[in-house]
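# Close look at the chain arrangement
Spelled out, the chains give:
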Amino acid sequence: MKNFRFLRGFCLVVLVVASFTNCSNDNPDDSIPDDSNPDLKVKFTLDGFNDYQGEYDILNYWESSLQKNGTTEYSMTAVVDRKGVDSDEKAHVSARFYLSFIATESLKVGQVYNLSQINTSGVFSLKNDVPNTFTGICGYLSIEKDNSTTGQIKITSVSEKRISGEFYLTNLHNAYYNLVANSSKNTYEYFGCFDSSIPKYVNISKGEFVNVEIQ
């Protein structure tokens, strides 16, 4: 009888400890923000449209090339999805975004590159029910900088062959408003899909690249 009572008491203690352990580990990642993503490499907001994000080194990377004048051009290719709109199962909806800058010295934390050193391009869908594409025209916009564009890139981390930073670009021109060669029509008009609601200028804000590899 004593053995039975001992075993019953022991089992009860084990049950209570096990229940407490399970409850205390219902969410072992409480300290990690909900939007934490170790694969995240690039993110930005195309103001008035969507938040975009790119994942994985193989799809988002910098390339460097030494110029004849001794400067170095860093060019980033990013393959990005619309956050909350596109899914991994629909890889064809990704947009391709390019960002580059010219450095006159070695990269260092706190270095700011102004617009005269920056270039960018990319094609983005204007509607969430339309897939992104690398070459779309009707229902898309194509960004480029012009004389009214402002912006900068700031380096926030340098670690061997990886860099992190922040960027913004305002008044990016929609290149599809440019006239087609040997024509009086812009690109939309030329392809018969002009819509006056399509913006001529857009902004990119909250831009970040996170520990992106320089290949």
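Structure's up top.
What comes next concerns the included structure. (Residues numbered from 1 in each chain as written. Predicted model: local features only at pLDDT ≥ 70, side-chain atom pairs only at ≥ 80, totals over all residues. Heavy atoms only, no water.)

### Concerning the overall build of the chain
Helix and strand content of the chain: 2 helices and 11 strands. Tracing the chain from N to C terminus, the helices and strands come up as α-β-β-β-β-β-β-β-β-β-β-α-β. At a minimum sequence separation of 6, the contacts of the chain that also span at least 24 residues come to 60%. Carbon together with sulfur atoms contributes 51% to the accessible area of the chain, which is approximately 13000 Å² in total. (Helix = DSSP H or I, 4+ residues; strand = E, 2+ residues; numbered from the N terminus. Contact = heavy atoms within 4.5 Å. Areas by Shrake-Rupley, 256 points an atom, 1.4 Å probe, with all protein chains shown as cover.)

### Structural notes on the pairing of strand 9 (residues 150-159)
Two strands pair when backbone bridges link them, and strand 6 (residues 112-114) and strand 9 are joined in this way by 3 bridges, in the antiparallel orientation. Directly across from N114, in strand 9, lies its bridge partner Q152. In the sheet, strand 9 pairs with strand 10 (residues 162-174) via 9 bridges, with the strands oriented antiparallel. Across the sheet, the residue bridging to T150 is T170, located in strand 10. (Pairing = 2+ DSSP bridges.)

### Quick look at the pattern of salt bridges
Using the criterion set out here, one finds 6 salt bridges in the structure. For D57, the salt bridge goes to R162, with nearest N and O atoms at 2.7 Å. Linking D57 in the loop between strand 2 (50-55) and strand 3 (60-66) with R162 in strand 10, this pair joins segments that are 105 residues apart in sequence. Look at R162 and you get partly exposed, because its relative accessible area is 22%. One salt bridge in this structure joins R162 and E213, with 4.0 Å as the shortest N-O distance. Of this pair, R162 sits in strand 10 while E213 is found in strand 11 (residues 201-213), placing the two residues 51 residues apart along the sequence. According to the relative accessible area criterion, E213 is partly exposed, its value standing at 27%. Because the salt bridges share partners, they merge into one network encompassing K41, D57, R162 and E213. (Salt bridge = Lys/Arg side-chain N within 4 Å of Asp/Glu carboxyl O. Buried < 20%, exposed > 50% of the residue type's maximum accessible area, 1.4 Å probe, protein only.)

### Considerations on unusual backbone geometry
Most peptide bonds adopt trans geometry, and most residues besides glycine take a negative phi value. The backbone of Y56 shows a phi angle near 80°, a positive value even though the residue is not glycine. Position of Y56 relative to the elements: it lies in the loop between strand 2 and strand 3.

### Re the side chain of S142
Looking at where S142 falls in the secondary structure, it is placed in strand 8 (residues 140-144). Leaving out residues up to four positions away in the same chain, S142 has contacts with G122, V123, H173, N174, A175 and Y176.

### Concerning the side chain of T72
Tracing the sequence through the fold places T72 in strand 4 (residues 72-82). The residues touching T72, leaving out its near neighbours within four places in the chain, are S64, S65, L66, F101, I102 and A103.

### Some thoughts on the nonpolar core
Core analysis: the biggest nonpolar cluster contains 40 residues, and W62, F97, F101 and F209 have the highest contact counts within it. Put simply, the parts of the chain that give this core at least two residues each are strand 1 (40-46), strand 4, strand 5 (95-103), strand 7 (118-125), strand 8, strand 9, strand 10 and strand 11. A total of 5 residues in this core trace back to one element, the largest contributor, which is strand 5. Ignoring anything within four residues of it in the chain, the contact list for F97 reads F44, M76, T77, A78, T120, S121, F124, I143, F167 and I204. (Core = buried A, V, L, I, M, F, W, Y, C linked by side-chain atoms within 4.5 Å.)

### Quick notes on the packing of aromatic side chains
In total, this model carries 15 aromatic pairs according to the counting rule given. Aromatic pair F97 and F167: ring centres 6.1 Å apart, planes at 20°, arrangement stacked. Here F167 lies in strand 10 and F97 lies in strand 5, a separation of 70 residues in the sequence. Comparing F97 with F167, the two get one shared label, buried. Between Y190 and F191, the ring centres sit 5.5 Å apart and the planes meet at 75°, which makes this aromatic pair edge-to-face. Taking relative accessible area as the criterion, Y190 reaches 48% and is therefore assigned partly exposed. On the accessibility criterion, F191 (49% relative accessible area) is partly exposed. By the ring-pair criterion, three or more aromatic residues cluster together here, those being F44, Y52, W62, Y74, F97, F101, Y113, F124, F167 and F209. (Phe/Tyr/Trp six-rings, centres within 6.5 Å; stacked < 30°, edge-to-face > 60°.)

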